[in-house]
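Structural overview
Take a look at the letters that make up each chain.
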Amino acid sequence: MSTIDHVKMERMEIRTLLESDAAAWWQLRLESLEAEPLAFSKAVAEHRATSVETIALRFREAPKGDLTLGAFENGNLLGMATFIRETGEKERHKGRIYGVYVSSMQRRKGIGHALLANLLEAARQDSSLEQILLGVATSQSAATQLYRSFGFETYGTEPCALKVGSTYIDQDHMILRIR
C-alpha cells in the first residue's frame, strides 16, 4: 500500500484491520449506522446482534483478495472501508466496495480519499479484477463526489433501494472499470 502523502495526515496510518481491531471497528460501525441511518443498508439492531468475536473471526478468516482498511490516528480508528471480491465463476472479474465511513469529527481532512486510494491500489494488484462496483445513497453527495474523483461512474439508480421507517432511499450504482 502507498504511503499517504498529505502533509495533514503525517500521523495517519492506513492499514488492513486485524482480529485485534474488531472492537474498534464494531464501535465505529455502530457510530456510522446511528449517525447516517439513510446511508447504509444494515440497521443498528442488526449490527448490535453481531458480536465483536464474529467480527474478529471475519477479519482473521477473510478470503484472499478481501480486505477492510482502517484509518488510525494515535491508535484511534477514525475511518474504514471494505473491499470484497466476488467468488462466483461468472462474477470473479468484479469486486465491491462497502461500508466506507469516516467519523463526522474527522471529515474534510482527506481520510476518505486516503482510504479509497489505498483500497483501490490494493484491489488493482489482482490482474484478474476488471471492475469495481459500489452503491451510494443519492442523498450522499460528498460520497458520490469522492467516488467520481476516482473515476467511478453511475450506471443506474435503484428507486426505493432502502426503507428506513417510512422513508425510502434511492441508491446510485457506480462502476470503476480498471481493465
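Residues numbered from 1 in each chain as written. Predicted model: local features only at pLDDT ≥ 70, side-chain atom pairs only at ≥ 80, totals over all residues. Heavy atoms only, no water.

Some remarks on the confidence of the model for the chain
The predicted model of the chain averages 92 in pLDDT, with 94% of residues at 70 or higher. Every residue in residues 1-8 scores below 50 in pLDDT, and together they form 14 contacts with partners more than four places removed in sequence or on other chains. (pLDDT = per-residue confidence, 0-100. Contact = heavy atoms within 4.5 Å.)

A look at helix H1 (residues 22-35)
Helix length check: H1, at 14 residues, gives a terminal C-alpha distance of 20 Å against a target of 20 Å (1.5 Å per residue), a fit within 8%. Among the residues making up H1, those that are buried are Ala 22, Trp 25, Trp 26, Leu 28, Arg 29, Leu 30, Ser 32 and Leu 33. Of the surrounding secondary structure, the elements contacted by the buried residues of H1 are helix H2 (44-48), helix H3 (52-60), strand E2 (67-73), strand E3 (76-85) and strand E4 (94-102). (Helix = DSSP H or I, 4+ residues; strand = E, 2+ residues; numbered from the N terminus. Expected span 1.5 Å × (residues − 1). Buried < 20%, exposed > 50% of the residue type's maximum accessible area, 1.4 Å probe, protein only.)

A word on the nonpolar core
Residues Ile 97, Ile 132 and Phe 152 are the most contacted members of the largest nonpolar core, which totals 29 residues. At the level of secondary structure, the elements contributing two or more residues to this core comprise strand E1 (12-16), E2, E3, E4, helix H4 (111-123), strand E5 (131-137), helix H5 (141-149) and strand E7 (167-177). When residues in this core are grouped by element, the largest group, seven residues, is from H4. Other than its neighbours up to four places away in sequence, Ile 97 contacts Thr 82, Phe 83, Leu 116, Leu 119, Leu 120, Ile 132, Leu 133, Leu 134 and Phe 152. Ranked by size, the runner-up nonpolar core spans 15 residues in total, among them Leu 33, Phe 59, Phe 72 and Met 80. (Core = buried A, V, L, I, M, F, W, Y, C linked by side-chain atoms within 4.5 Å.)

A word on the side chain of Gln 171
In this fold, Gln 171 is placed in strand E7. Those residues within four positions of Gln 171 in sequence are excluded, and the remaining contacts are Gly 135, Val 136, Ala 137, Thr 138, Gly 156, Thr 157, Glu 158 and Ala 161.

Points about the pattern of salt bridges
Going through the model one piece at a time under the given rule, you end up with nine salt bridges. In this structure, the salt-bridge partner of Arg 15 is Glu 13, at a minimum N-O distance of 3.6 Å. Using a relative accessible area of 22% as the deciding quantity, one classes Arg 15 as partly exposed. Linked by salt bridges that have partners in common, Glu 13, Arg 15 and Asp 21 make up one network. (Salt bridge = Lys/Arg side-chain N within 4 Å of Asp/Glu carboxyl O.)

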